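Descriptive structure summary
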Amino acid sequence: MTSIKNIQYKIVSSEDMGMSTYSIGSDGSIKNLSTGNILKPKFIENKTNGRSYSVIDITINGKRTRRYIHKLVADQFLPNPYGYECIKHKTDDRKNNSIYNLKRISKSANSMIGHKERKSVNNNTGERNIHKVLNKKKNIYFYRVRWSVEKKTKSKQFKIDELEKAIEFRDKNVFNY
């Protein structure tokens, strides 16, 4: 581990990142040891939970692959004595991948955090299985009907002025009323 401007770097020697071609900084920076360049992260939306995270595209054994930066930092710098599977951003700023903004939590604790966020933020219609959602790119709201079929989540979107249509769809197709 080397220290550069109070940032600690660890050379990654795990199979997951290839043969020691990258080092990870305690601030979340990733350095390519072959070129000496700090790699520029991307900020993308996770399709599973709709949250956005910093990711890095790297080459492992000649193949391009994408990794979540917060997971790489936690694996190198945060001890995991209890075997927790999830990483939480303490300030909810998912662009800040410093070790001081990350902590390990259990899967059940992470699930409870997500449930509280969805219940308090998204389900503001008062209707079961219908959520008012903001499309951040277009800066418009829409309604989403969500339901599960054989452990898979399905959804259908409706324009913001179509709440009655969304309720009718939900009652007919989701609850089979």
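Scroll up to find the structure this text is about.
Residues numbered from 1 in each chain as written. Predicted model: local features only at pLDDT ≥ 70, side-chain atom pairs only at ≥ 80, totals over all residues. Heavy atoms only, no water.

1. Here's the deal with the nonpolar core
I24, I30, I56 and V73 are the most contacted members of the largest nonpolar core, which totals 16 residues. If you list the elements that add at least two residues to this core, you get β3 (22–25), β6 (52–60) and α1 (69–77). It is α1 that contributes the most residues to this core, five residues altogether. With residues near it in sequence (within four places) discarded, I56 still touches I30, L39, K40, P41, T65, R66, R67, I69 and L72. Listed in part, the nine residues of the second largest apolar core include I130, Y143, F158 and F169. (Core = buried A, V, L, I, M, F, W, Y, C linked by side-chain atoms within 4.5 Å. Buried < 20%, exposed > 50% of the residue type's maximum accessible area, 1.4 Å probe, protein only. Helix = DSSP H or I, 4+ residues; strand = E, 2+ residues; numbered from the N terminus. Contact = heavy atoms within 4.5 Å.)

2. Let's talk about the sheet that holds β6
To summarise the sheet geometry, strands pair through backbone hydrogen bonds and adopt either a parallel or an antiparallel arrangement. Spatial ordering of the open sheet is given by β5-β6-β7, a layout of three strands whose pairing is antiparallel. Of all the strands in the sheet, the pair left with one neighbour each is β5 (42–45) and β7 (63–68). In this sheet, neighbouring strand axes are inclined to one another by 45 degrees on average, regardless of whether the strands run parallel or antiparallel. Direction of pairing for β6 relative to β7: antiparallel, over a ladder of six bridges. Paired with V55 across the two strands is Y68, which belongs to β7. (Pairing = 2+ DSSP bridges. Axes fitted to C-alpha atoms, helices over the stretch in contact; angles between N-to-C directions.)

3. Observations concerning the sheet that holds strand β10 (residues 130–135)
What the three strands build is an open sheet, ordered β10-β11-β12; its pairing is antiparallel. For this open sheet the edge positions go to β10 and β12 (152–159), each flanked by a neighbour on one side alone. Taking each pair of neighbouring strands and ignoring which way they run, the sheet shows an average axis angle of 40 degrees. As paired elements, strand β11 (residues 140–149) and β12 share eight bridges and run antiparallel to each other. Its bridge partner being in β12, R144 is matched across the sheet by Q157. Packing of helix α3 (residues 163–174) onto the sheet brings it into contact with β10, β11 and β12, and relative to β11 it is tilted by some 5 degrees.

4. What to know about the packing of aromatic side chains
A complete count under the given rule lists three aromatic pairs for this structure. Plain terms: the ring middles of Y53 and Y68 are 5.7 Å apart, the flat faces sit at 80 degrees to each other, and that makes the pair edge-to-face. In this pair, Y53 is assigned in strand β6 and Y68 in strand β7, connecting sequence segments 15 residues apart. By relative accessible area, Y53 is classed as buried at 11%. On the basis of an interplanar angle of 35 degrees and a centroid distance of 5.7 Å, the ring pair of Y82 and Y84 is categorised as tilted. We note K31 situated over the ring of Y9; from NZ or CZ to the ring centre the distance is 4.9 Å. (Phe/Tyr/Trp six-rings, centres within 6.5 Å; stacked < 30°, edge-to-face > 60°. Lys NZ or Arg CZ within 6 Å of the ring centre and 35° of its normal.)

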